[in-house]
Amino acid sequence: ALPIWYPKEPRYAYNVGNALVHLGRDREALDYYEKAWGLDPNCAEAYFNAAIAAFHLGEDQRAGDYFNETLRINPDYPNARQNLDYLIKNGWYHS
């Protein structure tokens, strides 16, 4: 298990989340993405990657919420709109 301690730097928490996703540990990754946006509420990358992790876990509503937050921060964030539209089109997300 990774240590709970982390520097007060959102990029560190974000990178740990990414490493956990690559290890297939999406649930744990979500904790680190949440830490990242807790330190920087405008960290669109953390919301976007949290959406992907939530989707991997079958948490489609949560994924859609995170894609929406990504787009609130950055309306032009690459692939966020397409991924959100995909969830809506398939009936997996209801705003």
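Predicted model, so just to flag it, every value in this text is computed and none were measured.

Visitor: Whenever I open this one, the overall build of the protein chain confuses me. Can you help?
Guide: Secondary structure summary: the protein chain contains five helices and zero strands in total. Counting over 95 residues, the protein chain shows a buried share of 39%. Partitioning the intrachain contacts of the protein chain with sequence separation of at least 6 by distance along the chain shows that 51% fall at a separation of at least 24. In the structure as shown, the protein chain presents an accessible area of about 5,500 Å², 53% of it carried by carbon and sulfur atoms. With 9 positive and 13 negative side-chain charges, the protein chain shows a separation of 2 Å between the mean positions of the two kinds.

Visitor: What's the story with unusual backbone geometry in this structure? I'm lost.
Guide: Glycine aside, a negative phi is what most residues show, and trans is what most peptide bonds show. The backbone of Asn 79 shows a phi angle near 75 degrees, a positive value even though the residue is not glycine. Turning to its location among the elements, Asn 79 is positioned in the loop between α4 (60–73) and α5 (80–89).

Visitor: Can you walk me through the nonpolar core in this structure?
Guide: If you look at soluble globular proteins, the nonpolar side chains tend to sit buried side by side. Counting 28 residues, the largest nonpolar core has Tyr 33, Trp 37, Ala 46, Ala 50, Tyr 66, Phe 67 and Ala 80 as its most contacted members. Here this core gets eight residues from one element, more than from any other, and that element is helix α3 (residues 44–56). Non-local contacts of Phe 67, meaning those with residues more than four positions away in its chain, are made with Phe 48, Ala 51, Ile 52, Ala 80, Asn 83, Leu 84 and Leu 87.

Visitor: Help me understand the packing of aromatic side chains in this model?
Guide: For any pair of aromatic rings, geometry is given as the distance between the ring centres together with the angle between the planes. Tallying each qualifying case throughout the model produces eight aromatic pairs. Pairing Phe 48 with Tyr 77 gives two aromatic rings, centres 5.0 Å apart and planes at 35 degrees, and the pair type is tilted. Highlighted residues: Phe 48 in helix α3 and Tyr 77 in the loop between α4 and α5, separated in sequence by 29 residues. A single burial state applies to Phe 48 and to Tyr 77, both of which are buried. For Lys 35, the ring lying beneath its charged end belongs to Tyr 32, and the centroid distance is 4.3 Å.

Visitor: Got a minute to help me understand α3 in this structure?
Guide: Side chains of residues three or four places apart in an α-helix project in the same direction, reflecting 3.6 residues per turn. Taking 1.5 Å as the rise per residue, α3 with 13 residues should run 18 Å; its terminal C-alpha atoms sit 19 Å apart, in good agreement. Buried within α3 we find Ala 44, Ala 46, Tyr 47, Phe 48, Asn 49, Ala 50, Ala 51, Ala 53 and Ala 54. Each element contacted by the buried residues of α3 is listed here: α1 (10–22), α2 (26–39), α4 and α5. A positive phi of about 80 degrees marks Gly 58, the residue just after α3.

Cut-offs used in this document
- Residues numbered from 1 in each chain as written.
- Predicted model: local features only at pLDDT ≥ 70, side-chain atom pairs only at ≥ 80, totals over all residues.
- Heavy atoms only, no water.
- Helix = DSSP H or I, 4+ residues; strand = E, 2+ residues; numbered from the N terminus.
- Buried < 20%, exposed > 50% of the residue type's maximum accessible area, 1.4 Å probe, protein only.
- Contact = heavy atoms within 4.5 Å.
- Areas by Shrake-Rupley, 256 points an atom, 1.4 Å probe, with all protein chains shown as cover.
- Lys, Arg positive; Asp, Glu negative; His and termini not counted.
- Charge placed at Lys NZ, Arg CZ, Asp CG, Glu CD.
- Core = buried A, V, L, I, M, F, W, Y, C linked by side-chain atoms within 4.5 Å.
- Phe/Tyr/Trp six-rings, centres within 6.5 Å; stacked < 30°, edge-to-face > 60°.
- Lys NZ or Arg CZ within 6 Å of the ring centre and 35° of its normal.
- Expected span 1.5 Å × (residues − 1).

No statement about biological role is implied by the geometric values presented.
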